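Observations on chain architecture
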Amino acid sequence: NVFICRKGGRRRSSDMSTGDDGLIRFDAVRDHLHKTSDEWFKKSNPMVTHTRESDLKTAFTEHLASLDTSRNGPGGDTLPLEICYDILFTEAEREHLTYDYFLEDWNVFKEK
């Protein structure tokens, strides 16, 4: 996101992004940006289209079906994380999100 501030006098905005003192309220602006981005990605440009979701389900199903079925116990029906990474992200996406960066995100996610 790009945030542009223009000096325009001390007036209170109708969206509450400025306070009575005319200063920009960071929290209100941040909340507005998050809400706007969320709505745009949900309605105008979803990151996962129905086609992509279907392709992902097919790829995961095919990879799981190719597993050695003699494995038993925990992890017997799971894929290695590196294979999941290769399935989840396109080649273009992997140029921006390397496997090392993905692992960093994964480790943060696991801590939550």
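What counts and what doesn't
- Per chain, the residues get numbers from 1 upward, laid out in the order the sequence is written.
- It should be noted that, the model being predicted, local features are given only for residues of pLDDT at least 70 and side-chain atom pairs only at 80 or more, the latter also being counted only at that level, while totals for whole chains, interfaces and linings use all residues.
- Each side-chain value is worked out from all heavy atoms of the structure, with water and hydrogens disregarded.
- Per the convention used, a helix needs a DSSP run of H or I reaching at least four residues, while a strand needs a run of E reaching at least two, with both numbered from the N terminus.
- Burial classes: relative accessible area under 20% of the type maximum marks a residue as buried, over 50% as exposed, and values in between as partly exposed (1.4 Å probe, protein chains only).
- All accessibility values rest on the Shrake-Rupley procedure with a 1.4 Å probe; residue burial counts only the protein chains present in the view.
- Residues qualify for a patch when their relative accessible area is over 30% and they have no salt bridge, like charges being joined within 9 Å and the nonpolar side chains of Val, Leu, Ile, Met, Phe, Trp and Tyr within 5 Å.
- The term salt bridge refers to a side-chain nitrogen of Lys or Arg lying within 4 Å of a carboxyl oxygen of Asp or Glu.

**Re the overall build of the protein chain**
What the protein chain contains, in helices and strands, is 5 helices and 0 strands. When its helices and strands are written in sequence order, the protein chain yields α-α-α-α-α. By the burial criterion, 15% of the 112 residues in the protein chain qualify as buried. Here the protein chain has roughly 9,600 Å² of accessible surface; of this, 54% comes from carbon and sulfur atoms.

**Here we look at a nonpolar patch on the surface**
A contiguous nonpolar patch, built from Trp-40, Phe-41, Met-47 and Val-48 and spanning about 430 Å² of accessible area, is present on the exposed surface. Following the sequence through the fold, Trp-40 ends up in helix 1 (residues 26-43).

**Examining the pattern of salt bridges**
Applying the stated criterion to the full structure yields 4 salt bridges. Two residues, Glu-93 and Arg-52, come together in a salt bridge whose shortest N-O distance is 2.9 Å. Here Glu-93, found in helix 4 (residues 91-96), pairs with Arg-52, found in helix 2 (residues 50-65); they are 41 residues apart in sequence, far enough to count as distant. Overall, the relative accessible area of 29% leaves Glu-93 in the partly exposed class. Of the charged contacts, one joins Lys-57 and Glu-53 as a salt bridge, the two residues approaching to 3.5 Å between their closest N and O atoms.

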